[in-house]
Amino acid sequence: MDLASKPLQYQDICYDPDSQSLFSTIHGRLELRPKSIAVFLFLIQNTGRIVTKDEIFDAVWGHKALTPDSIVQCVTDIRRILGDNKRKILQTVPRRGYRLIEAEIHSSPVESVLPEALLPLLGRDREISELLEMLGRPTCRLICLLGLGGVGKSRLAQAVGKSATNLFSDGVRFVPLAAIRKGELLAEAVARAAGIPLQGNRSASEQLLSELRQREMLLILDNMEQLSGQAAFCQNLLEQAAGLKILVTSRVAPDIYGGWNYYLQGLAIPDNSEDVSENAAYQLFVQSAQRMNYAFHPAQQDIAPVIDICRLVGGMPLGIEVAAAWTQHLSCGEILTGMREYSSLSGTQVNSTTSMPGSPLTTVLQRSWKMLSQREQQIMQVLGMFRGRFSREAAMAVAGAEANDFMQLISKSMLTRDGEGYFILHEVMRQYAGEQAQQSVARDVNVRRFLDYHLQRAQQADAEILGGEQFNWLVTLGQEHPNFRECLALCMGSSSSESIHSIEQYQGGLALAGSLGWFWFLANHWQEGRNWAEQFLQLNSTDTPTNGHSLALLTAGGLATLMDDYPVAEKRLSAGIAMARSLDHNNILSRGLAVMSILYRLRGEFDEAILMGRESIQLFRQQQDWGGYMLSLGWLGQSLVGQGQYRQALPVFEECLQLNRRVGNTISLPHALVNLGYVQWKLGENQAARIYLKKAVETSEQCGVLLYHAQALCFYGWLEITDGHYREAATCFQKSARDYLQLGDNTGLAEVLEGMAGLAVAQGSYNRAAQLIAGAEGVRSRLAAAPHPESGRLARQVMEEVKQRLSASELALNRNLGLACGVEELVFDFHPIH
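Residues numbered from 1 in each chain as written. Predicted model: local features only at pLDDT ≥ 70, side-chain atom pairs only at ≥ 80, totals over all residues. Heavy atoms only, no water.

1. Some details on the overall build of the protein
Working step 1: Check the secondary structure of the protein and you find 38 helices and 14 strands.
Working step 2: By the burial criterion, 56% of the 834 residues in the protein qualify as buried.
Working step 3: At a minimum sequence separation of 6, the contacts of the protein that also span at least 24 residues come to 69%.
Working step 4: A total accessible area of about 36,000 Å² is found for the protein, and carbon and sulfur atoms account for 50% of it. (Helix = DSSP H or I, 4+ residues; strand = E, 2+ residues; numbered from the N terminus. Buried < 20%, exposed > 50% of the residue type's maximum accessible area, 1.4 Å probe, protein only. Contact = heavy atoms within 4.5 Å. Areas by Shrake-Rupley, 256 points an atom, 1.4 Å probe, with all protein chains shown as cover.)

2. Quick look at the packing of helix α32 (residues 706–722) against helix α33 (residues 726–743)
Working step 1: Contact geometry for α32 and α33: axes closest at 8 Å, N-to-C directions at 155 degrees. The angle between the axes of α32 and α33 places the two elements in the roughly antiparallel class. For α32 against α33, the interelement crossing comes out left-handed. Taken together, the residues of α33 that come into contact with α32 (itself represented by Leu706, Leu707, His709, Ala710, Gln711, Leu713, Cys714, Tyr716, Gly717, Trp718, Glu720 and Ile721) are Tyr726, Glu728, Ala729, Cys732, Phe733, Lys735, Ser736, Asp739, Tyr740, Gln742 and Leu743.
Working step 2: Considering only residue class, the contact of α32 with α33 consists of 14 nonpolar, 5 polar and 4 charged. (Axes fitted to C-alpha atoms, helices over the stretch in contact; angles between N-to-C directions. Parallel < 35°, antiparallel > 145°, perpendicular 65-115°, else oblique. Left-handed = near helix turned anticlockwise from the far one by under 90°. Nonpolar A, V, L, I, M, F, W, Y, C, P; charged D, E, K, R; others polar.)

3. Here we look at empty space enclosed by the protein
Working step 1: In this structure the tally under the stated criterion is 2 cavities of 30 Å³ or more.
Working step 2: Empty space within the largest cavity amounts to approximately 240 Å³.
Working step 3: Lining the largest cavity are 16 residues, with Trp518, Leu554, Thr555, Gly558 and Val595 positioned closest to its centre.
Working step 4: Among the elements that take part in the lining of the largest cavity, helix α24 (residues 547–562) stands out by supplying 7 residues, more than any other.
Working step 5: Taken together, the residues of the lining of the largest cavity break down into 9 nonpolar, 5 polar and 2 charged.
Working step 6: Considered as a void within the structure, the second largest cavity measures approximately 80 Å³ in volume.
Working step 7: In terms of lining residues, the second largest cavity is bounded by Phe386, Arg389, Phe390, Ser391, Ala394, Tyr422, Tyr453, His454, Gln479, Glu480 and Asn483.
Working step 8: At the level of secondary structure, the elements contributing two or more residues to the lining of the second largest cavity comprise α19 (443–464) and α20 (470–492).
Working step 9: A class-by-class count of the residues in the lining of the second largest cavity yields 5 nonpolar, 4 polar and 2 charged. (1 Å grid on protein atoms, 1.4 Å probe; cavity = no way out; pocket = protein on both sides within 12 Å on 5 of 7 lines; lining within 4 Å. Points joined across faces, edges and corners; volume = space filled by probe spheres on them.)

4. Things to note about the pattern of salt bridges
Working step 1: Going through the model one piece at a time under the given rule, you end up with 29 salt bridges.
Working step 2: Arg137 is the partner of Glu133 in a salt bridge, and the nearest nitrogen-oxygen pair spans 2.9 Å.
Working step 3: For Glu133, a relative accessible area of 40% corresponds to the partly exposed category.
Working step 4: Residues Arg340 and Asp308 are paired through a salt bridge, measuring 3.3 Å at the closest nitrogen-oxygen approach. Residue Arg340 is found in helix α13 (residues 332–346), and its partner Asp308 is found in helix α11 (residues 300–312); the two are separated by 32 residues along the sequence.
Working step 5: If you follow the salt bridges from partner to partner, you end up with Arg124, Arg126, Glu127 and Glu130 in one network. (Salt bridge = Lys/Arg side-chain N within 4 Å of Asp/Glu carboxyl O.)

5. Structural notes on the nonpolar core
Side chains of a nonpolar character, in soluble globular proteins, are inclined to be buried together.
Working step 1: Of all hydrophobic cores here, the largest spans 214 residues; its most connected members are Phe285, Leu383, Ile465 and Val802.
Working step 2: The element best represented in this core is α32, accounting for 11 residues.
Working step 3: Residues contacting Phe285, with those up to four places away along its chain left out, are Phe296, Val306, Ile309, Cys310, Ile320, Ala323, Ala324, Thr327 and Cys332.
Working step 4: If you look at the next biggest cluster of nonpolar residues, it comprises 34 residues, including Leu177, Ala193, Leu221 and Ile256. (Core = buried A, V, L, I, M, F, W, Y, C linked by side-chain atoms within 4.5 Å.)

6. Overview of the sheet that holds strand β6 (residues 90–93)
Working definition: the strands of a sheet are paired by backbone hydrogen bonds and lie parallel or antiparallel to each other.
Working step 1: Across the sheet, which stays open at both edges, the 3 strands sit in the order β5-β7-β6 with antiparallel pairing between neighbours. Edge positions in the sheet fall to β5 (50–51) and β6, since each of these pairs with one other strand and no more.
Working step 2: Across 2 bridges, the pairing between β5 and strand β7 (residues 97–100) is antiparallel. What sits directly across from Val51, in β7, is Tyr98.
Working step 3: Of the strands in this sheet, β5, β6 and β7 touch helix α1 (residues 34–45), which is tilted by about 70 degrees from β7. (Pairing = 2+ DSSP bridges.)

7. A few points about the sheet that holds strand β8 (residues 142–146)
Working step 1: Taken together, 5 strands build an open sheet; the order of strands is β9-β10-β11-β8-β12 and the sheet is parallel. Each edge of the sheet is formed by a strand with only one pairing partner; in this case those strands are β9 (172–176) and β12 (260–263). Going across the sheet, the axis of each strand differs from the next one's by a mean of 20 degrees, ignoring polarity.
Working step 2: Here β8 pairs with β12 via 4 bridges, running parallel. Paired with Leu145 across the strands is Tyr262, a residue of β12.
Working step 3: Across the sheet, helix α6 (residues 153–164) touches β8, β9, β10 (217–222) and β11 (244–250), and the angle it forms with β11 is around 160 degrees.
Working step 4: Across the face of the sheet, helix α9 (residues 231–240) comes into contact with β8, β10 and β11 while running at roughly 160 degrees to β11.

8. Points about the environment of Ala394
Working step 1: Relative to the helices and strands, Ala394 resides in helix α16 (residues 392–399).
Working step 2: Linking Ala394 and Phe450, residues 56 residues apart in sequence, is a C-alpha distance of 9.0 Å.
Working step 3: When sequence neighbours within four positions are dropped, the list of residues in contact with Ala394 reads Phe386, Ala399 and Tyr453.

9. Focus: helix α31 (residues 686–703)
Working step 1: The end-to-end C-alpha distance of α31, which contains 18 residues, comes to 25 Å, matching closely the 26 Å that a straight helix rising 1.5 Å per residue would cover.
Working step 2: The complete set of buried residues in α31 reads Asn686, Ala689, Leu693, Ala696, Val697, Thr699 and Ser700.
Working step 3: Looking at the buried side of α31, the elements it contacts are α30 (668–682) and α32.
Working step 4: Just downstream of α31 lies Gly704, where phi reads positive at about 75 degrees. (Expected span 1.5 Å × (residues − 1).)

Worth remembering: the numbers are spatial, not functional.
As structure tokens, then:
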């Protein structure tokens, strides 16, 4: 290979063609053999794609017969100057070749998402050091941080995560599991904490594994005991993702092969003769007492009682903090006396909250509960039903709590508040309050208030989520989702708490599932939402039409449509629409018709889709439901495009765009931009198409909507072919394919393959084009629906040109090759001509 005649740069490394050498803007001249430089330059010129060893041999050595070791030595040299000891920059793709990642990917900072500690962690320096040493060992992939509830496992894990950030190129992610009760939700919780968007038909586990295989990361799974029996999940993650390590906190050791157990004890307690000024348990007591009363300063006679208090609770940080809160009303000596008396009365009672007989926390929790007023106990029993954190408004509505109640519970260390203004119950406190609630005569009333509040909340969201506050609602409902799940479980009778079994309760669950339908659709909880709706539909034993029943039918049918289960979708949607008509409820009817229009469009029945779409639009307009109107407009426009009615579709998408500017941005905005770009391209207005599609890419990234991002890139690829920008077209198609692979969207993948076939034809690569068309046919054969007419037309045009250029035997050969190749190989091994 002749070395490049022009300067090249990769990250901080530059190539000087005059001296034919490399230098770093940071480290100066870099020593590298000429052949290694040549391989590096070839990789830079092909950044982002897999290059085979044969390509490197041909480019650098010509057609000389060489051993693979020649390339290996050059790759080793290149990794040395890149500081790529972990092979994250110059990647080896087994049995395929090498890939040099794009420079901007490596330059992004290491990111960690960990809760901010409000107070310093005391007395755990040795534990942090030991855990970091364990994480540094190559053979240690999983650590189980074990200990009783209240010993401080979560805070220690967070501190270790902060210190370990630079050990992992993709950072650290903290996954709180206290609010998760079902094992199938574990993958979703990990994916969201890891910043992996969950969209499309692929399961959360599939999408999670697909992304984690490419990452070097530490996952902290906090409160794993909430999900007993999930050892296989962790085992699978570790087996599939070589760069992953996991730190689990739990009260019981999970049965995971290869896990390293680390047992956390309470803080060390000094002897009475020791200097206590540096003792962590003593410091924690003083610090906690001063949070309640800044003027608190222990006198000499207080030292011994404080030490004994810390000893009585076994050095458990939670016990120390709760006991210290009593200094507002009692002296340290009085606190100690009361604890000793209560301990002797309560004996060695077993408390299920602590998971261990005779736990040192038992006495302090029982004593703390007795010190609450009757009103405060009642409030705590209700707050124990919340999962995760909750807002002040929710606590006021459900528990009847007032400002003074919050102040008192915080002052008694029963409740804490985070930096965003949400309240949090320590998991041990929440479970203890829940146990007390089981014995309360007001249990049924409290459950009813909890359910009624969240049903009203869901109904409010259902009425507003399609409008201009859509993205705010998605964030809010995402935070409250654990509480909605608890309500559904209560109605179903599958909650860990006692539930109310009645027809009325099942109907309440039916109404809640119906009201959450749009949230589940927009937030991509498709499988979960469909399961809840179907379960309540099966439990409902009455045929009496209700709004909740109708909405639940639409939820089940709409989510079945998205998951390509068309027979069930039609059955549920038809029943929901019929029920809405019988109730004369136009709001529900308009939504049902809009979703049914999607089903018809996906099945290629465009006349019916357009008819349904126009009826839904008319109803939305009558009700001035502009959010639903925008959504239905976009779907109507797609049906018109499906029939090739581009000029009729254009004003539909333009109106949708204008409404977004007036009402507020929703996912209808990137949807309209994508389709406007496509329609303008089909009408030959390439400049306008380019502007729309570029904006669609930007907007979909901001909104986090992977589907519209993929569609915009795919259409942009066709536009670049039209303008003769072949390398840019290949980049667009490949980025689109990555999105579609994550979504599990076979229709999109087929369209990408057809687009790349068009690119191959434009470059005269007819053999490759035939392989890509065959690959697209193979993908489409797995679809339940007929191909989109537009895609069919484009594919047929490409195939007609290929047939004119290749013989029958060549067509057969390349067809078989295309069917034999995987989608990723067809897409990412494509080599466009400049």
